[in-house]
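Observations on the three-dimensional arrangement
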Amino acid sequence: CLECTRVRIHKHLFVSFIINNTLWLVWYRAVINNPEIGSEPSNEIWCGTLHVLVQYFLVANYFWMFCEGLYLHTLLVFAFTRAESKLLKGFYIFGWLGPVVPIALYTGFRISMNAPDDVCWLNESQWRIFLIVPVFVCLALSLAFLINILRVLLTKLHDNRRSLAVYARRESNSSDSQSALRKAARATLILIPLLGLHYFLTPFKPEPGSDGEMVYECIAAVSSSLQGLCVSLLFCFCNGEVLSVLRRRFCRQYCQGDGSYTRGDYSCAPTSMSTMVIRRQSELGKAEVQL
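Starting from 1, residues in each chain are numbered consecutively following that chain's sequence as written. Local features in this predicted model are restricted to residues whose pLDDT is 70 or higher, and side-chain atom pairs enter the listing and the counts only when it is 80 or higher, whereas totals over whole chains, interfaces and linings include all residues. Values reported for side chains reflect all heavy atoms of the structure, with hydrogen atoms and water molecules removed beforehand.

This is how it is decided: UniProt positions are given in the numbering used here, feature names are shortened, and annotations may be inferred rather than shown by experiment.
Per an unreviewed UniProt entry, the chain is named G-protein coupled receptors family 2 profile 2 domain-containing protein, and its organism is Allacma fusca. Turning to the chain, the UniProt annotation filed under Subcellular location (unreviewed entry) states: "Membrane".

Structure follows, in C-alpha coordinates:
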(Lines give C-alpha, C1' and ligand atoms only; values in the text may rest on other atoms or scores of the structure.)
Protein backbone atom coordinates (compact mmCIF):
# COMPACT_ATOMS: atom_id res chain seq x y z
CA CYS A 1 0.00 0.00 0.00
CA LEU A 2 2.76 2.41 0.91
CA GLU A 3 4.95 1.48 -2.07
CA CYS A 4 4.41 4.73 -3.99
CA THR A 5 6.86 7.29 -5.40
CA ARG A 6 6.46 9.72 -2.52
CA VAL A 7 7.18 7.09 0.13
CA ARG A 8 10.16 5.72 -1.81
CA ILE A 9 11.69 9.20 -1.87
CA HIS A 10 11.05 9.50 1.88
CA LYS A 11 12.84 6.19 2.44
CA HIS A 12 15.96 7.28 0.58
CA LEU A 13 15.95 10.60 2.44
CA PHE A 14 15.73 8.74 5.76
CA VAL A 15 18.58 6.44 4.72
CA SER A 16 20.75 9.44 3.86
CA PHE A 17 19.94 10.95 7.26
CA ILE A 18 20.86 7.74 9.08
CA ILE A 19 24.14 7.17 7.24
CA ASN A 20 25.15 10.83 7.36
CA ASN A 21 24.59 11.22 11.10
CA THR A 22 26.16 7.85 11.88
CA LEU A 23 29.32 8.78 9.98
CA TRP A 24 29.49 12.12 11.79
CA LEU A 25 29.34 10.29 15.13
CA VAL A 26 32.13 7.97 13.98
CA TRP A 27 34.14 10.95 12.75
CA TYR A 28 33.94 12.81 16.05
CA ARG A 29 34.59 9.66 18.06
CA ALA A 30 37.43 8.16 16.02
CA VAL A 31 39.14 11.26 14.65
CA ILE A 32 38.33 14.47 16.52
CA ASN A 33 38.64 12.88 19.98
CA ASN A 34 41.63 10.74 19.07
CA PRO A 35 44.96 12.39 19.92
CA GLU A 36 46.93 9.65 18.15
CA ILE A 37 45.63 10.65 14.72
CA GLY A 38 48.49 11.62 12.43
CA SER A 39 51.16 9.77 14.37
CA GLU A 40 51.39 7.11 11.66
CA PRO A 41 50.89 7.42 7.86
CA SER A 42 48.38 4.55 7.89
CA ASN A 43 46.14 6.55 10.20
CA GLU A 44 45.99 9.40 7.72
CA ILE A 45 44.82 7.07 4.95
CA TRP A 46 41.78 5.65 6.74
CA CYS A 47 40.77 8.94 8.37
CA GLY A 48 41.10 10.72 5.02
CA THR A 49 38.84 8.08 3.49
CA LEU A 50 36.38 8.55 6.35
CA HIS A 51 36.44 12.30 5.75
CA VAL A 52 35.54 11.81 2.08
CA LEU A 53 32.69 9.45 3.00
CA VAL A 54 31.33 11.94 5.53
CA GLN A 55 31.34 14.72 2.95
CA TYR A 56 29.78 12.47 0.29
CA PHE A 57 26.79 11.47 2.41
CA LEU A 58 26.42 15.04 3.66
CA VAL A 59 26.05 16.28 0.08
CA ALA A 60 23.79 13.30 -0.75
CA ASN A 61 21.53 14.32 2.14
CA TYR A 62 21.06 17.79 0.63
CA PHE A 63 20.50 16.29 -2.81
CA TRP A 64 17.67 14.10 -1.50
CA MET A 65 16.11 17.13 0.18
CA PHE A 66 16.14 18.75 -3.24
CA CYS A 67 14.49 15.64 -4.72
CA GLU A 68 11.70 15.98 -2.15
CA GLY A 69 11.08 19.58 -3.14
CA LEU A 70 11.29 18.87 -6.86
CA TYR A 71 8.80 16.01 -6.62
CA LEU A 72 6.29 18.02 -4.59
CA HIS A 73 6.63 20.97 -6.93
CA THR A 74 6.25 18.78 -10.03
CA LEU A 75 3.28 16.97 -8.56
CA LEU A 76 1.47 20.12 -7.56
CA VAL A 77 2.28 22.56 -10.34
CA PHE A 78 2.39 20.23 -13.34
CA ALA A 79 0.15 17.39 -12.09
CA PHE A 80 2.89 14.94 -13.13
CA THR A 81 1.41 11.46 -12.77
CA ARG A 82 2.19 9.30 -15.81
CA ALA A 83 5.99 9.06 -15.92
CA GLU A 84 6.65 8.85 -12.20
CA SER A 85 8.76 5.70 -12.67
CA LYS A 86 11.17 7.59 -14.93
CA LEU A 87 11.16 10.51 -12.53
CA LEU A 88 12.02 8.17 -9.66
CA LYS A 89 14.95 6.69 -11.59
CA GLY A 90 16.21 10.20 -12.18
CA PHE A 91 15.99 10.85 -8.44
CA TYR A 92 18.02 7.71 -7.74
CA ILE A 93 20.74 8.84 -10.13
CA PHE A 94 20.78 12.42 -8.88
CA GLY A 95 20.50 11.59 -5.19
CA TRP A 96 23.21 8.93 -4.99
CA LEU A 97 25.43 9.48 -8.05
CA GLY A 98 25.11 13.26 -8.27
CA PRO A 99 27.36 13.92 -5.23
CA VAL A 100 30.15 11.88 -6.84
CA VAL A 101 31.06 14.78 -9.16
CA PRO A 102 31.64 17.49 -6.50
CA ILE A 103 33.24 14.97 -4.14
CA ALA A 104 35.65 13.82 -6.87
CA LEU A 105 36.65 17.44 -7.61
CA TYR A 106 37.04 18.22 -3.92
CA THR A 107 39.12 15.11 -3.26
CA GLY A 108 41.28 15.49 -6.35
CA PHE A 109 42.21 19.13 -5.73
CA ARG A 110 42.79 18.50 -2.04
CA ILE A 111 45.12 15.59 -2.75
CA SER A 112 47.02 17.78 -5.20
CA MET A 113 47.69 20.31 -2.44
CA ASN A 114 49.44 17.65 -0.29
CA ALA A 115 49.83 19.96 2.71
CA PRO A 116 52.00 18.22 5.34
CA ASP A 117 50.33 20.04 8.26
CA ASP A 118 46.80 19.12 7.12
CA VAL A 119 46.47 15.82 8.97
CA CYS A 120 43.31 13.90 8.06
CA TRP A 121 42.07 17.04 6.30
CA LEU A 122 40.90 18.50 9.60
CA ASN A 123 41.61 22.06 8.47
CA GLU A 124 39.26 24.06 6.30
CA SER A 125 40.21 24.07 2.64
CA GLN A 126 39.54 26.49 -0.19
CA TRP A 127 38.44 23.53 -2.31
CA ARG A 128 35.42 23.11 -0.10
CA ILE A 129 33.78 25.48 -2.55
CA PHE A 130 33.09 22.42 -4.73
CA LEU A 131 30.80 21.14 -1.98
CA ILE A 132 29.29 24.45 -0.89
CA VAL A 133 28.11 25.55 -4.36
CA PRO A 134 25.94 22.50 -5.21
CA VAL A 135 24.50 22.46 -1.68
CA PHE A 136 23.62 26.16 -1.91
CA VAL A 137 22.06 25.67 -5.35
CA CYS A 138 19.90 22.81 -3.99
CA LEU A 139 18.75 24.91 -1.05
CA ALA A 140 18.05 27.94 -3.23
CA LEU A 141 15.98 25.88 -5.66
CA SER A 142 14.13 24.24 -2.76
CA LEU A 143 13.27 27.69 -1.42
CA ALA A 144 11.97 28.67 -4.86
CA PHE A 145 9.90 25.47 -4.93
CA LEU A 146 8.43 26.27 -1.52
CA ILE A 147 7.48 29.80 -2.54
CA ASN A 148 5.81 28.59 -5.73
CA ILE A 149 4.07 25.75 -3.88
CA LEU A 150 2.72 28.23 -1.37
CA ARG A 151 1.54 30.51 -4.17
CA VAL A 152 -0.27 27.69 -5.99
CA LEU A 153 -1.69 26.43 -2.71
CA LEU A 154 -3.15 29.81 -1.78
CA THR A 155 -4.54 30.22 -5.30
CA LYS A 156 -6.26 26.83 -5.21
CA LEU A 157 -7.64 27.37 -1.74
CA HIS A 158 -8.93 30.77 -2.75
CA ASP A 159 -10.59 29.37 -5.88
CA ASN A 160 -12.18 26.53 -3.93
CA ARG A 161 -13.43 28.94 -1.30
CA ARG A 162 -15.01 31.15 -3.92
CA SER A 163 -16.69 28.24 -5.70
CA LEU A 164 -18.06 26.75 -2.49
CA ALA A 165 -19.15 30.00 -0.91
CA VAL A 166 -20.99 31.72 -3.71
CA TYR A 167 -24.15 32.01 -1.64
CA ALA A 168 -22.42 32.19 1.76
CA ARG A 169 -22.45 35.21 3.96
CA ARG A 170 -19.52 37.60 4.22
CA GLU A 171 -18.70 36.41 7.74
CA SER A 172 -18.37 32.88 6.46
CA ASN A 173 -16.02 34.03 3.70
CA SER A 174 -13.79 35.73 6.25
CA SER A 175 -13.69 32.57 8.34
CA ASP A 176 -12.86 30.45 5.27
CA SER A 177 -10.09 32.85 4.32
CA GLN A 178 -8.50 32.59 7.76
CA SER A 179 -8.79 28.80 7.63
CA ALA A 180 -7.09 28.75 4.22
CA LEU A 181 -4.25 30.87 5.52
CA ARG A 182 -3.79 28.58 8.51
CA LYS A 183 -3.65 25.54 6.24
CA ALA A 184 -1.11 27.23 3.98
CA ALA A 185 1.01 28.26 6.97
CA ARG A 186 0.90 24.71 8.33
CA ALA A 187 1.96 23.27 4.98
CA THR A 188 4.84 25.76 4.81
CA LEU A 189 6.09 24.91 8.31
CA ILE A 190 5.93 21.19 7.55
CA LEU A 191 7.99 21.57 4.38
CA ILE A 192 10.76 23.69 5.96
CA PRO A 193 12.54 20.80 7.77
CA LEU A 194 11.84 18.42 4.88
CA LEU A 195 13.60 20.70 2.39
CA GLY A 196 16.33 21.76 4.84
CA LEU A 197 15.54 25.46 4.46
CA HIS A 198 16.47 26.19 8.07
CA TYR A 199 20.11 25.88 6.97
CA PHE A 200 19.82 29.34 5.43
CA LEU A 201 20.24 30.69 8.98
CA THR A 202 23.51 28.90 9.73
CA PRO A 203 25.82 30.62 7.18
CA PHE A 204 25.43 33.96 9.00
CA LYS A 205 27.83 33.19 11.82
CA PRO A 206 28.58 36.03 14.28
CA GLU A 207 32.09 37.20 14.97
CA PRO A 208 34.12 34.92 17.27
CA GLY A 209 33.82 36.03 20.89
CA SER A 210 30.68 38.10 20.31
CA ASP A 211 27.54 37.84 22.42
CA GLY A 212 25.61 36.11 19.67
CA GLU A 213 28.19 33.38 19.04
CA MET A 214 26.89 31.07 21.76
CA VAL A 215 23.29 31.62 20.66
CA TYR A 216 24.28 30.82 17.08
CA GLU A 217 26.11 27.64 18.12
CA CYS A 218 23.07 26.42 20.09
CA ILE A 219 20.63 27.15 17.25
CA ALA A 220 22.90 25.53 14.66
CA ALA A 221 23.43 22.44 16.82
CA VAL A 222 19.74 21.99 17.60
CA SER A 223 18.54 22.59 14.03
CA SER A 224 21.09 20.26 12.42
CA SER A 225 20.80 17.53 15.07
CA LEU A 226 17.01 17.38 15.28
CA GLN A 227 16.16 17.70 11.58
CA GLY A 228 16.07 13.95 11.03
CA LEU A 229 13.91 13.44 14.12
CA CYS A 230 11.50 16.18 13.06
CA VAL A 231 11.16 14.86 9.52
CA SER A 232 10.71 11.26 10.65
CA LEU A 233 8.01 12.27 13.15
CA LEU A 234 6.07 14.35 10.62
CA PHE A 235 6.34 12.03 7.63
CA CYS A 236 6.62 8.58 9.23
CA PHE A 237 5.81 7.98 12.88
CA CYS A 238 2.96 10.51 13.11
CA ASN A 239 1.87 10.12 9.51
CA GLY A 240 -1.84 9.36 9.39
CA GLU A 241 -1.45 7.19 6.30
CA VAL A 242 1.12 4.97 8.02
CA LEU A 243 -0.87 4.83 11.25
CA SER A 244 -4.01 3.91 9.33
CA VAL A 245 -2.28 0.96 7.66
CA LEU A 246 -0.85 -0.24 10.98
CA ARG A 247 -4.24 0.17 12.65
CA ARG A 248 -5.95 -1.91 9.97
CA ARG A 249 -3.27 -4.56 10.16
CA PHE A 250 -3.58 -4.70 13.95
CA CYS A 251 -7.36 -4.99 13.82
CA ARG A 252 -7.19 -7.75 11.21
CA GLN A 253 -4.82 -9.79 13.30
CA TYR A 254 -6.11 -9.18 16.81
CA CYS A 255 -9.64 -7.85 16.52
CA GLN A 256 -10.91 -10.52 14.15
CA GLY A 257 -8.33 -13.13 15.04
CA ASP A 258 -7.87 -14.57 11.54
CA GLY A 259 -4.46 -13.02 10.92
CA SER A 260 -5.13 -12.78 7.20
CA TYR A 261 -3.57 -10.03 5.13
CA THR A 262 -4.62 -9.01 1.67
CA ARG A 263 -2.56 -6.31 0.02
CA GLY A 264 -5.39 -5.20 -2.21
CA ASP A 265 -7.63 -4.43 0.75
CA TYR A 266 -5.67 -1.32 1.58
CA SER A 267 -5.98 2.04 -0.05
CA CYS A 268 -3.20 4.52 -0.59
CA ALA A 269 -5.47 7.53 -0.37
CA PRO A 270 -3.70 10.56 1.10
CA THR A 271 -5.01 10.62 4.67
CA SER A 272 -1.95 11.92 6.51
CA MET A 273 -2.57 14.27 9.40
CA SER A 274 0.75 15.94 8.58
CA THR A 275 -0.08 16.65 4.96
CA MET A 276 -2.59 18.57 2.92
CA VAL A 277 -4.72 17.45 -0.01
CA ILE A 278 -5.68 19.77 -2.83
CA ARG A 279 -8.52 18.58 -5.04
CA ARG A 280 -8.69 20.18 -8.43
CA GLN A 281 -11.77 19.87 -10.58
CA SER A 282 -11.14 19.52 -14.31
CA GLU A 283 -12.63 17.93 -17.39
CA LEU A 284 -10.59 14.81 -16.79
CA GLY A 285 -12.00 14.38 -13.24
CA LYS A 286 -10.46 14.84 -9.84
CA ALA A 287 -6.69 14.95 -9.43
CA GLU A 288 -5.53 14.64 -5.85
CA VAL A 289 -2.22 16.30 -5.18
CA GLN A 290 -0.64 15.68 -1.78
CA LEU A 291 1.75 17.90 0.07
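1. Description of the overall build of the chain
Condition: What counts as a helix is a DSSP run of H or I of at least four residues, what counts as a strand is a run of E of at least two, and both are numbered from the N terminus. The buried label goes to any residue with under 20% of its type's maximum accessible area, the exposed label to any with over 50%, and the partly exposed label to all in between, with areas taken from a 1.4 Å probe on protein chains only. By definition, residues are in contact when any of their heavy atoms lie within 4.5 Å. Accessible surface area values rest on a Shrake-Rupley calculation with a 1.4 Å probe, where residue burial reflects the displayed protein chains alone.
Scanning the chain from terminus to terminus reveals 9 helices and 2 strands. Reading the secondary structure of the chain in the N-to-C direction produces α-α-α-α-α-α-α-α-α-β-β. A total of 291 residues make up the chain; the buried ones form 39% of that total. In the chain, the proportion of contacts linking residues at least 24 apart, taken out of those at least 6 apart, comes to 71%. In the structure as shown, the chain presents an accessible area of about 17300 Å², 63% of it carried by carbon and sulfur atoms.

2. Overview of the packing of helix α1 (residues 5-32) against helix α3 (residues 84-97)
Cut-off, in case you're wondering: To define axes, lines are fitted to C-alpha atoms, for helices over the stretch in contact only, and angles between the resulting N-to-C directions are given on a 0 to 180 degree scale. Working rule for angles: under 35 degrees goes down as roughly parallel, over 145 as roughly antiparallel, 65 to 115 as roughly perpendicular, anything else as oblique. Residues are grouped as follows: Ala, Val, Leu, Ile, Met, Phe, Trp, Tyr, Cys and Pro are nonpolar; Asp, Glu, Lys and Arg are charged; every other residue, Gly included, is polar.
Close contact between α1 and α3 brings their axes to 11 Å; oriented N to C, the two are set at 10°. With respect to α3, the axis of α1 lies roughly parallel. Every residue of α3 that contacts α1 at T5, R8, I9, H12, V15 and S16 is listed here: E84, L88, F91, Y92 and W96. Broken down by class, the residue content of the contact of α1 with α3 amounts to 6 nonpolar, 3 polar and 2 charged.

3. Points about the confidence of the model for the chain
How we decide: You can read pLDDT as the predictor saying how much it trusts each residue, on a scale of 0 to 100.
Looking at the chain as a whole, the pLDDT averages 76, with 71% of positions reaching at least 70. Averaged pLDDT values for the elements of the chain fall to 35 in strand β1 (residues 277-282) and rise to 91 in helix α4 (residues 100-113). Across residues 169-174, where pLDDT falls below 50, the model places 3 contacts with residues more than four positions away in sequence or in other chains. Counted against residues more than four places away or in other chains, residues 259-291, with its pLDDT under 50, gives 78 contacts.

4. Brief notes about α3
In plain terms, the rule: Helix span is expected to be 1.5 Å times the residue number reduced by one. Note that the arc is defined by the directions from the helix axis to the C-beta atoms.
Between its first and last C-alpha, α3 extends 19 Å over 14 residues, near the 20 Å set by a 1.5 Å rise per residue. Among the residues of α3, E84, L87, L88, F91, G95 and W96 are the ones counted as buried. Down the axis of α3, the sector holding all buried residues measures 140°, keeping them to one side. The exposed set on the far side of α3, more than 90 degrees from its buried face, consists of K86, K89, I93 and L97.

5. So, the UniProt feature "transmembrane region" (unreviewed entry) in the chain
With numbering aligned to this structure, UniProt lists the feature "transmembrane region" (unreviewed entry) at residues 12-32, 52-79, 91-109, 129-154, 184-202 and 214-238. Here residues 12-32 is 100% helix and 0% strand, with 28 Å between the C-alpha atoms at its ends.

6. What about a nonpolar patch on the surface?
Let me state the cut-off plainly: Residues enter patches when their relative accessible area tops 30% and they take part in no salt bridge; the joining distance is 9 Å for like charges and 5 Å for the nonpolar side chains Val, Leu, Ile, Met, Phe, Trp and Tyr. Basic side-chain nitrogens of Lys or Arg form a salt bridge, by our definition, when they fall within 4 Å of a carboxyl oxygen of Asp or Glu.
Taken together, the side chains of I129, I132, V133, F136, V137 and L141 make up a nonpolar region of the molecular surface, amounting to roughly 510 Å² of accessible area. Here I132 lies in helix α5 (residues 129-164).

7. Some points on the state of the cysteines
To keep it simple, the criterion reads: Counting rule for disulfides: a pair of cysteine sulfur atoms within 2.5 Å.
One pass over the structure, following the stated rule, counts 0 disulfides. Here C236 stays unpaired: no disulfide links it, and the sulfur of C238, its closest cysteine neighbor, is 9.2 Å away.

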